[in-house]
Amino acid sequence: MASALELAFTAYAELKFDEARERCEETLGIDPRNASALLLAGLIAKKQSRLDDAVALFESSLAQAASPEALGSLAETLWRLGRLDEALNCVKQFIAAEPTNADAHLLESTILYGLRRYDAALKCAQRAKAYLPESYLVEARLGCILMRLGQFEPADIHFRNAAHLMASFAHCRLINVRRDLWEKVDLDTQGKCSPDATPLREARGTTAIDAVVAVACDVHYFHKHGAKFVNSFARNAAAGKLLHIHILDPDENFTVYIDALLSKVPLADFAVTTAKTAFATSTNYAFRRTYYSCARFLDMDWLLRKYQKTILCFDVDLVFEAPIDKMIDEIAGNDIGLVQRNPPDSVWLDIYAGYVVASYTPQALRFFRGVGNFIRHFTEREELYWHLDQIALFCVHKMMERFTAPPATCWLSAAALEAVWHIGKPNDQLLREERVTQYAIEGLEYPVPILVSTPGVTRE
């Protein structure tokens, strides 16, 4: 008969993490210093995003028996927690135990990238490539490092290799900072590419405004998150701000819904526009999702011209917990405000797209016009891969550094970002948190069922 630990390993292999955890705890209840059980419990905790628990379990396992797997898992978990110096010390022990382990060298390279030690990261990635010459992860890491070192042509080769080796890394093909693309995206498209927006509710209000808060998404995502977004904004951040809601592919019930929503919140200054897109009936869920996530950046230069005010653009899947004036204060004297991942991770993650701020300046207009045209360029080529929005922000910023005067950029502080709490697409469990549910509006029901997936297409 299989032991509890054997059953735990079987359940873990079958991705039954709750069952694996239960069997593991059964083993540890009898033998609390079992190194294998402690290691497996740590692996389960890591899979369940209980990272602090995972660190403690890996350390307990290593205290019982040296294990390269436990060292590597501990180093990776510390890296994910942003404890990079500890992670680096741990991965060096891993490499000392297994000097030809390509994954260990790749992890060291990733940690050094996070520490912005790009020359050292490059050497580690090159060692990883020597041991694992056709790894898409190694190719992508080399591309990121070389991009940071200003070696753009070699970086381009490695990104293309990564996309060729792994279909899920097709977004690496979008990373492009060449002059020929810059000349295509740096066009004044004010006439032909202003959004095809239909005013639904014109801007109203009697108070003077100092900034505009903008949100753009498809109607179904607004149904999921919009009421909490609008209500939390009205209660905590609306003073002196106009809210501009832009909805893609609305259905026949949206007008009734938005009027009901706006009647139930204390919001004086708002505007609502809608637009129909070619993706309303698309059966390619991945492309449709990517386009909707990028759509707000197609509108930023138009919004700046329309309002001639500071624009703060947010994802709809968040709540406002405090006034957002610190974001505006920090951008004073700058063209744009962006959020930089800290520590840096990869080119397609290093500038976060959930919140951006733009002053009404020529360089902010040029930057966001370029971002919009970058997205249009790949949309027209039917290369709508996830992370396109963040890649556009990174690449246009880098192209402006290379070929013209870059925008004066404020990297928004953690203190400024404390005003909002972002839920994010993969984190539906957070919708049950009290800090979100307190903004639900009683009696506000959407009059149609939420969109279901096309048969055979997986939703997140």
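For the structure, see preceding data.
Residues numbered from 1 in each chain as written. Predicted model: local features only at pLDDT ≥ 70, side-chain atom pairs only at ≥ 80, totals over all residues. Heavy atoms only, no water.

## What about helix H13 (residues 254-263)?
Count 3.6 residues to each turn of an α-helix, and residues three or four apart come out pointing the same way. The following threshold applies: Only protein chains enter the calculation, and the probe is 1.4 Å; a residue is then buried if its accessible area is under 20% of its type maximum, exposed if over 50%, and partly exposed in between. Numbering of helices and strands runs from the N terminus, with a helix taken as a DSSP run of H or I at least four residues long and a strand as a DSSP run of E at least two residues long. By construction, the arc corresponds to the directions joining the helix axis to the C-beta atoms.
Those residues of H13 that sit buried are Phe254, Tyr257, Ile258, Leu261 and Leu262. Buried residues along H13 cover an arc of 125 degrees about the axis, so they all sit on one side. The outward face of H13, more than 90 degrees from its buried face, is lined by the exposed residues Val256 and Ser263.

## Considering the pattern of salt bridges
Note the threshold: A carboxyl oxygen of Asp or Glu within 4 Å of a side-chain nitrogen of Lys or Arg is what we treat as a salt bridge.
Applying the stated criterion across every chain, the model contains 25 salt bridges. Across the pair Glu76 and Lys46 runs a salt bridge whose closest N-O atoms are separated by 3.3 Å. Taken together, the residues span a long stretch of sequence, with Glu76 in helix H5 (residues 68-80) and Lys46 in helix H3 (residues 35-47) at a distance of 30 residues. In this structure, Arg381 engages Glu383 in a salt bridge whose closest nitrogen and oxygen atoms are separated by 2.8 Å. We classify Arg381 as partly exposed; its relative accessible area is 47%. For Glu383, a relative accessible area of 11% puts it in the buried group. If you follow the salt bridges from partner to partner, you end up with Asp156, Arg160, Arg178 and Asp180 in one network.

## Observations concerning the nonpolar core
Quick reminder of the rule: We define the nonpolar core as a collection of buried residues of types Ala, Val, Leu, Ile, Met, Phe, Trp, Tyr and Cys that are connected through side-chain atoms lying within 4.5 Å of one another. It only takes one pair of heavy atoms within 4.5 Å for two residues to be counted as in contact.
In this structure, Trp348, Phe374 and Leu393 are the most contacted members of the largest nonpolar core, which totals 113 residues. Ignoring anything within four residues of it in the chain, the contact list for Phe374 reads Leu174, Asn176, Leu181, Val185, Leu388, Ile391, Ala392, Cys395, Val396 and Met399. Listed in part, the 47 residues of the second largest apolar core include Val215, Cys217, Leu262 and Ile328.

## Thoughts on the layout of surface pockets
Counted only if it meets this: Points on a 1 Å grid over protein atoms alone make up a cavity when a 1.4 Å probe fits among them but cannot get out, and a pocket when they form an open set with protein on both sides within 12 Å along at least five of seven lines; lining residues each have an atom within 4 Å of a point. Grid points are joined across faces, edges and corners, and a volume is the space filled by probe spheres set on the points. Note on residue classes: Ala, Val, Leu, Ile, Met, Phe, Trp, Tyr, Cys and Pro are nonpolar, Asp, Glu, Lys and Arg are charged, and everything else, Gly too, is polar.
In this structure, the second largest pocket encloses a volume near 520 Å³. Lining the second largest pocket are Leu51, Glu76, Trp79, Arg80, Leu81, Gly82, Arg341, Pro343, Pro344, Asp345 and Leu349. Across the lining of the second largest pocket, the residue classes tally to six nonpolar, one polar and four charged.

Don't take any of this as a statement about function, it's just geometry.
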